[in-house]
Amino acid sequence: MSTPTILDKIKAYKLEEVAAAKAEVTPEAMDERARAAPPVRPFKDALLQASINGYGLIAEIKKASPSKGVIREDFDPAELARAYAEGGAACLSVLTDTPSFQGANEYLVQARAACDLSVLRKDFLFETYQVAEARALGADCILIIMACLTDAEAAALENAAAVWGMDAIIEVHNEDELRRAEMLKSQLIGINNRDLNTFETTLDTTRTLGRYVPEDRIIICESGLETREDLADIARYGARCFLIGETLMRADDVASATRMLLSNPLTAGGR
């Protein structure tokens, strides 16, 4: 019997969490909460607009990670959201997974209320209930991680997001996952440079996969980005949108660090 991977362990506890959540709030009641949530803020459009002459930055609010432990001690989601907005981020990403990332649903609520930016719920989604839950929290976009899901599960999550008017980022780590992602409708393709089983990171993942992403899709480079030189380098491979958390979360002045990262973007051009 093979040893469970990190993703296997995450899926096991996540399904337990969903079952517990359903026992507390029925799917019908969660749908009611989703319908009562504030209107969706356009996520994809915000990224596209920002990437025309600059970069579309999804700035991440992340307290901790499984590989690095606590990243930021003075953790205030609302304050961080305002700093990211001031620094020029196009969108936010908020970790809501607790066991692995010390995230919480209320962090997303607090961050979204503190600024006008569109927000991605960063979590491991397996059931459409979690999509309604994301909308109920005020999320404008969800993450669909192909490494965790069957094609049918991924399609169900994407369809649920569309029902609620939300965007979806389809996250891939290799060519096989990219081919599967292409069967879905979303234009947003997130290339994660971090191997979710080993947590090792290399920008070569985007450099390699970027050339295979269809022209009608938008590449979002995730993980391992630290400097504006990194962004310029990866922009040459077709990515003008980036999801960055740890580098900015460790900064003393988050707004200033965000501004610096986005300064002097590589001139926009076709892939």
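Scroll up to find the structure this text is about.
Computed from a predicted structure; not experimentally measured.

Draft legend 1. Seen up close, the pattern of salt bridges. In the structure shown here, the tally under the stated rule is 22 salt bridges. Notably, a salt bridge pairs Asp74 with Arg72, separated by 3.4 Å at the nearest N-O pair. Accessibility expressed as a relative area gives 53% for Asp74, which makes it exposed. Residue class for Arg72 comes out buried when judged on its relative accessible area of 9%. Within this structure, Lys14, Glu17, Asp97, Arg121, Asp123 and Glu133 form a network of salt bridges that share partners.

Draft legend 2. Just the side chain of Thr96, in detail. Within the element layout of this structure, Thr96 appears in the loop between strand 4 (91-95) and helix 5 (105-113). Polar side-chain contacts of Thr96 include one of 2.6 Å to the side chain of Asp123. Residues contacting Thr96, with those up to four places away along its chain left out, are Gly103, Ala104, Asn105, Leu108, Arg121, Lys122 and Asp123.

Draft legend 3. Just unusual backbone geometry, in detail. With a phi angle near 80°, Ser223 is a residue other than glycine that sits in the positive phi range. Within the secondary structure, Ser223 is located in the loop between strand 9 (218-222) and helix 10 (228-235). Judged by its relative accessible area of 13%, Ser223 falls in the buried class. One non-glycine residue, Asn264, lies in the positive phi region at around 55°. For Asn264, the location among the structural elements is in the segment after helix 12 (254-262).

Draft legend 4. Region of the structure containing the environment of Leu248. Looking at the secondary structure, you find Leu248 in helix 11 (residues 246-249). Residue classification places Leu248 among the buried positions, given a relative accessible area of 1%. Spatially, the C-alpha atom of Leu248 lies 17 Å from that of Lys122, the residues being 126 residues apart in sequence. In this view, Leu248 contacts Leu57, Ala59, Arg72, Tyr84, Val254, Ala257, Thr258 and Leu261; residues no more than four positions away in its chain are not counted.

Draft legend 5. The sheet that holds strand 9, seen in detail. Reading around the barrel, the eight strands line up as 1-4-5-6-7-8-9-10 and close back on themselves, with parallel pairing between neighbours. Averaged over neighbouring strand pairs, the angle between their axes works out to 25° when direction is ignored. Relative to strand 8 (residues 188-192), strand 7 (residues 167-172) is paired through four bridges, and the arrangement is parallel. In the sheet register, Val172 faces strand 8, and the bridge partner there is Ile191.

Conventions we followed
- Numbering of residues starts from 1 in every chain and runs along the sequence as written.
- Whole-chain, interface and lining totals are the exception, using all residues; otherwise, since this is a predicted model, local features are given only for residues with pLDDT of at least 70 and side-chain atom pairs are given and counted only at 80 or more.
- Computation of side-chain values: all heavy atoms of the structure, hydrogens and water removed.
- The salt bridge criterion pairs a side-chain nitrogen of Lys or Arg with a carboxyl oxygen of Asp or Glu, the two atoms within 4 Å.
- Exposure categories follow from relative accessible area, calculated using a 1.4 Å probe and restricted to protein chains: below 20% of the type maximum is buried, above 50% is exposed, and the middle band is partly exposed.
- Under the scheme used here, helices are H or I runs from DSSP no shorter than 4 residues and strands are E runs no shorter than 2 residues, and both carry numbers assigned from the N terminus.
- In protein, a polar contact requires one atom able to donate a hydrogen and another able to accept it; more generally it is a pair of N or O atoms within 3.5 Å, and residues adjacent in sequence count only if both atoms are side-chain atoms.
- Two residues form a contact once any of their heavy atoms are found within 4.5 Å.
- Being paired, for any two strands, means DSSP has found at least two bridges between them.
- Think of each axis as a best-fit line through the C-alpha atoms, taken over the contacting stretch in the case of a helix, with angles from 0 to 180 degrees between the N-to-C directions.

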